[in-house]
Amino acid sequence: MNDAACAKPAQGWLHGILHGDGATQRRAVAKAITLLESTRPDHRREADALLNALLPHAGRAFRLGISGVPGVGKSTFIEALGLHLIGLGHRVAVLAVDPSSSVSGGSILGDKTRMERLSTHERAYIRPSPSGGNLGGVAAKTREAMLVCEAAGYDVVIVETVGVGQSETAVAGMTDMFCVLQLPNAGDDLQAIKKGIMELADLVVINKADLDADAATRAQAQITSALRLLGLHGRPDTAHHDEALWHPRVIQLSALSGQGVAEFWRLVSEFRHLQQANGRWQVRRQQQAKAWMWERIDSGLREAFAQHPAVQDRLPALTAEVLAERVVASVAARELLEMFACTRPGSACRPSPSVFS
Ligand code: GDP
């Protein structure tokens, strides 16, 4: 049995997450997420046991990814959407992936106190981005936090990120539907749009349509035709010629006035039913779970490699040899990997002699 299976889950929180109500449950959710964000090995074991215990109760929520550049209106939109959903009887959790918080110490997404009405609502839970670590680490913590929220009965989990860098790919890779917010003048810069969203977006929202209706309509037309072109080349899970598959859409909205929010959710529901009917829903989740596992394996191996005493011993000298062009980079890598694999406890192999001595 592995450590996670042996360790006793944080029983109090487990009960609070599954059966607590109101403030008690929100406190248990917050404590559990803090535990899984900890880097202490004993906390990690406890967190793993807790996650395993929560798993059977998770997975039933709708996972919605929202991205867009700073200032496009993400918090305003998420607050409007969240309150709309609560009005429909849902419970809403909002999580964030913001790798900038670990690089600069400050967060692009801010501390979420901006969503004042939503954050104080008893049917909502808002958690800022975990800080510290690289994007992979931040994303992994958010994925785990998502399971905690789902087990607590939040049936819509919104994961917010900034429209810069790889964080969009990470969020698209952990959600059922990925939406990108754009400004009405977005159509003026199609190149940027192509790069950022074409591959990922299931739905593009032109926000702040109230500011310039003409520009919003222009942007909607331009992005729609760009998405249609892409559809001809065929994304694996979308196609414009097949009615059984989802066609990425573009809509206009004003998060500030709330105009278009109901229509947004109607499209999300349409997407959800279609994906469930054509089987893409389950395939996407399975692919995501597998990719998540491998991403964590890669990252764990890299960490173990960097901490391996024999590797640490040899790495500086071998790096110098590679830089001086006396050893080929791939040969040095092989030697280090062999050293890593062969000197682990229980290993039967012996490293080959060094390429330089
Ligand atoms: P974020 O950085 O993407 O989270 O953007 P915010 O939600 O903080 O919004 C940035 C600014 O845009 C704020 O001053 C909002 O009031 C404003 N804003 C957001 N949505 C709209 C909208 O639909 N119309 C207008 N006119 N302003 C908006």
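See the structure above.
In this report, the structure presented in the accompanying data block is examined. (Residues numbered from 1 in each chain as written. Predicted model: local features only at pLDDT ≥ 70, side-chain atom pairs only at ≥ 80, totals over all residues. Heavy atoms only, no water.)

### Some points on the overall build of the protein chain
Scanning the protein chain for helices and strands turns up 15 helices and seven strands. Put simply, the protein chain has 357 residues, and 45% of those count as buried. Sequence-distant contacts, at least 24 apart, represent 74% of the contacts inside the protein chain between residues at least 6 apart. Total accessible area on the protein chain stands at roughly 17,700 Å², and carbon and sulfur atoms take up 55% of it. (Helix = DSSP H or I, 4+ residues; strand = E, 2+ residues; numbered from the N terminus. Buried < 20%, exposed > 50% of the residue type's maximum accessible area, 1.4 Å probe, protein only. Contact = heavy atoms within 4.5 Å. Areas by Shrake-Rupley, 256 points an atom, 1.4 Å probe, with all protein chains shown as cover.)

### Considering unusual backbone geometry
One non-glycine residue, K208, lies in positive phi territory at about 60°. Checked against the element boundaries, K208 lands in the loop between β6 (203-206) and α11 (213-233). In this structure, E325 is a non-glycine residue whose phi angle is positive, near 60°. By secondary structure assignment, the location of E325 is in the loop between α14 (309-323) and α15 (329-342).

### As for the pattern of salt bridges
Using the criterion set out here, one finds 13 salt bridges in the structure. In this structure, R44 and D48 form a salt bridge, with 2.6 Å as the shortest nitrogen-oxygen distance. With R44 and D48 both in helix α4 (residues 41-54), this residue pair falls four residues apart, about one helical turn. Across the pair R44 and E144 runs a salt bridge, and its minimum N-O distance is 3.3 Å. Here R44 is found in helix α4, whereas its partner E144 is found in helix α8 (residues 135-151), with 100 residues between them in sequence. What makes E144 buried here is its relative accessible area of 10%. (Salt bridge = Lys/Arg side-chain N within 4 Å of Asp/Glu carboxyl O.)

### Focus on the environment of D98
Assignment of secondary structure puts D98 in the loop between β2 (92-97) and α6 (100-103). Residue D98 is classed as buried on the basis of its relative accessible area, which comes to 0%. D98 sits 62 residues away from E160 along the chain, and the two C-alpha atoms are 8.3 Å apart.

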